[in-house]
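One-letter residues, chain by chain:
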Amino acid sequence: DGREGTSASQDRTALYSVPPKMKSYIVEAVSSFLFEYETPRQVLVRNRRVGIACRLIQLGVLGYIIGWVFIYEKGYQNEDTAIYSVFTKMKGVAYTQISGVEKVWDMSDYVFPDQGGDSFVVMTNFIITFGQTQSKCPEVKFIVNSIQAFCHISTLRSSPILHQTSQWVQDTVPLPDGKNNCNSDADCETGQIKRTGNGHMTGNCVNTTHTCEIVTWCPVEDDRQIPNPPCLLAAENFTLFIKNSITFPEFKVDRSNLVESVDASYIKRCLYHPATDPLCPIFKLGDIVRLSGFNFTEVARVGGSIGVLIDWECDLDYSIQNCKPKYKFHGLYGSGTTGQASVGYNFRKANYYVEDKVQKRTLMKVFGLRIEVIVHGLARKFDIIPTLTAIGSGVGIFGV
């Protein structure tokens, strides 16, 4: 039994032992990996064309690394985008006289909404329909009793207040637009609402206007003739104050467009000009429209949209005082060509009230300039990691 156990133990040892040849191979491989170093063989070619071509390629690679990677793309710097907030405030007053009624318009009347955000509308023109009630009336009414105004600039002017009067259109001739015409009651299906209509059809065709009778807010608004010139042409002299704050969280840097040179005394007298006052945060509305490429009178009549871009490009390797905003203006839409499907910008606003226990409203179709304040912020600062990465990629290209 003892001999059998010894034999079995020797068999197991022989089974798990490493052959001498394999052991020698492993030792040689590890020794070669740790203690030997090899380089590629180089061949010296004595040829002018090949030599010149090689140097030109190397020069191009060097120019790419220095010119493009380091100088243009600033590959030695780390980047961070800005988090920002925008506060706006409009100022200015306009005076109108509509049908003998005088009214002064201030920022609470012509700015929508009035919270001072980065997107808002400045009213420049409007069509008002007074005294609407829930009743029955034809789709297209006679203009004779319509209470809608066409604004005309009077000879009395003062800046920044522009005095305007209004002339009421009074005519006994209807102005059918053809969208809701009818010849008989059969053309006005009871209970239906036309896509181009303004209310619920009663089934009656009104002979005097040849349009369908509807249940709606009466009289129906007639917006086919837009006041020209605009009712609030004085908006050209309104001013816009923009306060912008940004932060670059990666670099823990906070900045405002009220930079060091924009102090309390300067801001009281400055007005933005791209050449003489490029850092002034107060803008004349007429200048914004002009710099965006629009004509103020044209765009004020039908409305439009303008983008105000505040561009921050900051190199934080230099003084923080060099981190300043640049203002740019872009006309998004406004001026249109004849026959274009949709021109300008407008919306409707209603003021409700009760008179003789009857609910009424004054409907205003507002044409205005929609201002979008857009902020783009990018900061760069030296960082060793992108620097080494750029250098390593350049060395690798040279190696090829």
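Note that this is a predicted model, so its numbers are computed, not measured. (Residues numbered from 1 in each chain as written. Predicted model: local features only at pLDDT ≥ 70, side-chain atom pairs only at ≥ 80, totals over all residues. Heavy atoms only, no water.)

## Section: the state of the cysteines
Reasoning step 1: Scanning the entire structure with this criterion turns up five disulfides.
Reasoning step 2: A disulfide bridge connects C137 with C218, and the sulfur atoms are separated by 2.0 Å. On the S-S bond that ties C137 to C218, the torsion sits near -85°, and the link is left-handed. Of this pair, C137 sits in strand β6 (residues 119-138) while C218 sits in strand β10 (residues 211-218), placing them 81 residues apart in sequence.
Reasoning step 3: Among the residues examined, C137 registers a relative accessible area of 9% and is labelled buried.
Reasoning step 4: Shown here is the disulfide that connects C270 with C280, its sulfur atoms set 2.1 Å apart. The sign of the S-S torsion, about 70°, decides the handedness of the disulfide formed by C270 and C280: right-handed. Residue C270 is found in the loop between α5 (264-269) and β13 (282-284), and its partner C280 is found in the loop between α5 and β13; the two are separated by ten residues along the sequence. (Disulfide = S-S within 2.5 Å. Helix = DSSP H or I, 4+ residues; strand = E, 2+ residues; numbered from the N terminus. Buried < 20%, exposed > 50% of the residue type's maximum accessible area, 1.4 Å probe, protein only.)

## Considering the confidence of the model for the chain
Reasoning step 1: Overall, the predicted model of the chain reaches an average pLDDT of 82, with 83% of residues at or above 70.
Reasoning step 2: Mean pLDDT values for the elements of the chain range from 40 in strand β8 (residues 162-168) up to 96 in β13.
Reasoning step 3: Every residue in residues 142-149 is under pLDDT 50, and counting partners more than four places away or in other chains gives 31 contacts. (pLDDT = per-residue confidence, 0-100. Contact = heavy atoms within 4.5 Å.)

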